Amino acid sequence: MKLLLTEQAIVGSKGKLPSRYIEKEGKLFYWWDNDYPLTEEALAIFHKYHILQDNKDGAIVLPEFEIDESQKDAHYYFCKNNLTKYKRVTTNKGMGFYDIPNLDCY
């Protein structure tokens, strides 16, 4: 998924781009935290993974794609207090259409 880099998405801003991330086993996981400002480190990691898109028209250009409902996807569930504890669900069902796994977060 590409993120739109706008003039408002500057270091210190909140809510314009995801501000939290974790990199684990060569994969990037990111999320919005409205209480935590965007940092230089977050911008650098987004550049590293080529997920930022700058578009003068203010819109993300989506590549052409086909929908193949037989393909499986991976959904990750993390403990808020310890991001090293997580469970991965591989399925061809959308979130909300299967039982969420239980995590032992304590």
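Residues numbered from 1 in each chain as written. Predicted model: local features only at pLDDT ≥ 70, side-chain atom pairs only at ≥ 80, totals over all residues. Heavy atoms only, no water.

Caption draft 1: Inspection of the packing of aromatic side chains at higher detail. Scanning the model with the defined rule gives six aromatic pairs in all. Their ring planes at 50° and their centres at 6.0 Å tell us that Tyr-76 and Tyr-86 sit as a pair that is tilted. Note that Tyr-76 is positioned in strand β5 (residues 73-79) and Tyr-86 in strand β6 (residues 82-91), a separation of ten residues in sequence. For the ring pair Phe-78 and Tyr-86, a centre distance of 5.4 Å and an interplane angle of 35° mean the geometry is tilted. Note on Phe-78: relative accessible area 27%, which makes it partly exposed. In this structure an aromatic cluster arises from ring pairing among Phe-29, Tyr-76, Phe-78 and Tyr-86. (Phe/Tyr/Trp six-rings, centres within 6.5 Å; stacked < 30°, edge-to-face > 60°. Helix = DSSP H or I, 4+ residues; strand = E, 2+ residues; numbered from the N terminus. Buried < 20%, exposed > 50% of the residue type's maximum accessible area, 1.4 Å probe, protein only.)

Caption draft 2: Structural context of the nonpolar core. Core analysis: the largest hydrophobic core is formed by eleven residues, namely Leu-3, Ala-9, Leu-17, Leu-28, Leu-38, Ala-42, Leu-43, Ile-45, Phe-46, Ile-51 and Leu-52. Among the elements that line this core, the one with the most residues is helix α1 (residues 40-48), at four residues. (Core = buried A, V, L, I, M, F, W, Y, C linked by side-chain atoms within 4.5 Å.)

Caption draft 3: Looking closely at the state of the cysteines. A complete count under the given rule lists one disulfide for this structure. With its sulfur 2.0 Å from that of its partner, Cys-79 forms a disulfide with Cys-105. Because the torsion about its S-S bond is -85°, the bridge between Cys-79 and Cys-105 counts as left-handed. Of this pair, Cys-79 sits in strand β5 while Cys-105 sits in the segment after β6, and the two are 26 residues apart along the sequence. (Disulfide = S-S within 2.5 Å.)

Caption draft 4: Looking closely at the side chain of Ser-13. Mapped onto the elements, Ser-13 comes out in the loop between β1 (3-4) and β2 (20-24). With residues near it in sequence (within four places) discarded, Ser-13 still touches Gln-8, Pro-37 and Leu-38. (Contact = heavy atoms within 4.5 Å.)

Caption draft 5: Structural view of the pairing of strand β3 (residues 27-31). Sheet analysis places β2 next to β3, joined by five bridges and oriented antiparallel. Considered in β3, the bridge of Tyr-21 is made with Tyr-30. Once β2 ends, the chain turns through two residues before running back antiparallel as β3, passing Glu-25 with a positive phi of about 50°. (Pairing = 2+ DSSP bridges.)

Caption draft 6: Just the pairing of β5, in detail. As paired elements, β5 and β6 share seven bridges and run antiparallel to each other. Across the sheet, the residue bridging to His-75 is Val-89, located in β6. Two successive antiparallel strands, β5 and β6, enclose a turn made up of two residues.

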